[in-house]
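Topology and contacts: notes
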Amino acid sequence: MFEALKNILSDLGGGGDEPRRFDENDFRLMATALLVHAAAIDGRVSDVEFARLRTVVKDTFRLDDAQVEELVESAVKAEQEAIDLYRFTSTLNRLLDEPGRTKVIEMMWQIIVADGAVSEFEDNLVWRAADLLGISREKRIALRQQAQDREGREDG
């Protein structure tokens, strides 16, 4: 599943081994790695999810297209190297306040609902990430509902 993401990135960005501008202490890298994980956890990365991931990253972090490609490519690598979510969530806990951590969960839901279905793997991932980030069950559920409502408005 990550191979598909790498292939898409390679096609879009021309591949290459440019130096990383987003290091492991960059909250944007850690958040995007969680988004990559969310997009891929159900075993398939749809074009819709990948496009939404790029849009969410671009809009949230105010990046240009080249920066988005670099960040997503770095996030794919970081996600592949990670053993668990703790690598990402511990950094996010250290660098972000509660509204920032809440935004990460909101972004995860935006990626997950993009394809119109939420698998049990995706739901479980957000539950675990939210728990590690100190986001309440109520807030996590409200963010899911907001993302689903927004997706419904965009489609209808």
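Right, let's walk through the structure included here.

Definitions and cut-offs
- Residues numbered from 1 in each chain as written.
- Predicted model: local features only at pLDDT ≥ 70, side-chain atom pairs only at ≥ 80, totals over all residues.
- Heavy atoms only, no water.
- Core = buried A, V, L, I, M, F, W, Y, C linked by side-chain atoms within 4.5 Å.
- Buried < 20%, exposed > 50% of the residue type's maximum accessible area, 1.4 Å probe, protein only.
- Helix = DSSP H or I, 4+ residues; strand = E, 2+ residues; numbered from the N terminus.
- Contact = heavy atoms within 4.5 Å.
- Phe/Tyr/Trp six-rings, centres within 6.5 Å; stacked < 30°, edge-to-face > 60°.
- Salt bridge = Lys/Arg side-chain N within 4 Å of Asp/Glu carboxyl O.
- Axes fitted to C-alpha atoms, helices over the stretch in contact; angles between N-to-C directions.
- Parallel < 35°, antiparallel > 145°, perpendicular 65-115°, else oblique.
- Nonpolar A, V, L, I, M, F, W, Y, C, P; charged D, E, K, R; others polar.
- Arc of directions from axis to C-beta.
- Expected span 1.5 Å × (residues − 1).

**Points about the nonpolar core**
Judged by nonpolar contacts, the single largest core of 45 residues is most densely connected at L35, L53, L92, I105, M108 and W109. Those elements that provide at least two residues to this core are α2 (27–40), α3 (47–61), α4 (65–81), α5 (86–95), α6 (98–112), α7 (120–132) and α8 (137–155). When neighbours within four sequence positions are excluded, L92 is seen to be in contact with F27, M30, A31, L34, R101, V104 and L133.

**What about the packing of aromatic side chains?**
In the structure shown here, the tally under the stated rule is 1 aromatic pair. Ring centres 5.8 Å apart and planes at 80° place the aromatic pair F27 and F61 in the edge-to-face group. Of this pair, F27 sits in helix α2 while F61 sits in helix α3, and the two are 34 residues apart along the sequence. Accessibility expressed as a relative area gives 13% for F61, which makes it buried.

**Brief notes about the environment of L95**
By the element assignment, L95 lies in helix α5. For L95 and F27, which are 68 residues apart along the polypeptide, the C-alpha to C-alpha distance reads 6.6 Å. Residues in contact with L95, not counting those within four places in the same chain, are N25 and F27.

**A short note on the pattern of salt bridges**
Side chains that differ in charge, positive against negative, can pair when their charged atoms come close. Applying the stated criterion across every chain yields a total of 9 salt bridges. Measuring nitrogen to oxygen at the nearest pair gives 2.7 Å for the salt bridge that ties R28 to D26. Taking the relative accessible area as the measure of exposure, R28 reaches 23% and is therefore partly exposed. Here the residues in one salt-bridge network are K103, E106 and R150, joined through shared partners.

**Let's talk about the packing of α2 against α4**
Between two packed helices, what matters for the description is the angle formed by their axes and the separation of those axes. At their nearest, the axes of α2 and α4 sit 8 Å apart, and the two run at 70° to each other. As the angle between them shows, α2 and α4 are arranged roughly perpendicular. Contacts between α2 and α4 involve R28, L29, T32, A33, V36 and H37 on the former and, on the latter, L71, V72, S74, A75, V76, A78 and E79. A breakdown of the residues in the contact of α2 with α4 according to their chemical character gives 8 nonpolar, 3 polar and 2 charged.

**Looking at the environment of L143**
Mapped onto the fold, L143 is located in helix α8. For L143, a relative accessible area of 3% corresponds to the buried category. Through-space distance from the C-alpha of L143 to that of M108 is 9.5 Å; in sequence the pair is 35 residues apart. Excluding residues that lie within four positions of it along the chain, L143 makes contacts with T102, I105, E106 and W109.

**A few points about α5**
Because each turn of an α-helix spans 3.6 residues, side chains separated by three or four positions in sequence point in the same direction. Along α5, the residues classified as buried are F88, T89, T91 and L92. Down the axis of α5, the smallest arc covering the buried residues is 160°, so these residues share one side. Summarising the geometry of α5, the exposed residues directed more than 90 degrees from the buried face are Y86 and R94. On its buried side, α5 packs onto α2, α4, α6 and α7.

**A word on α7**
The terminal C-alpha atoms of α7, which comprises 13 residues, lie 18 Å apart, in line with the 18 Å expected from a rise of 1.5 Å per residue. Of the positions making up α7, those classed as buried are E122, L125, V126, A129 and A130. Around the axis of α7, the buried residues are gathered within 125° of arc, so they sit on the same side. Residues of α7 that are exposed and angled more than 90 degrees away from the buried face: E120 and D131. Of the residues one or two after α7, G134 is the one with positive phi, at around 75°.

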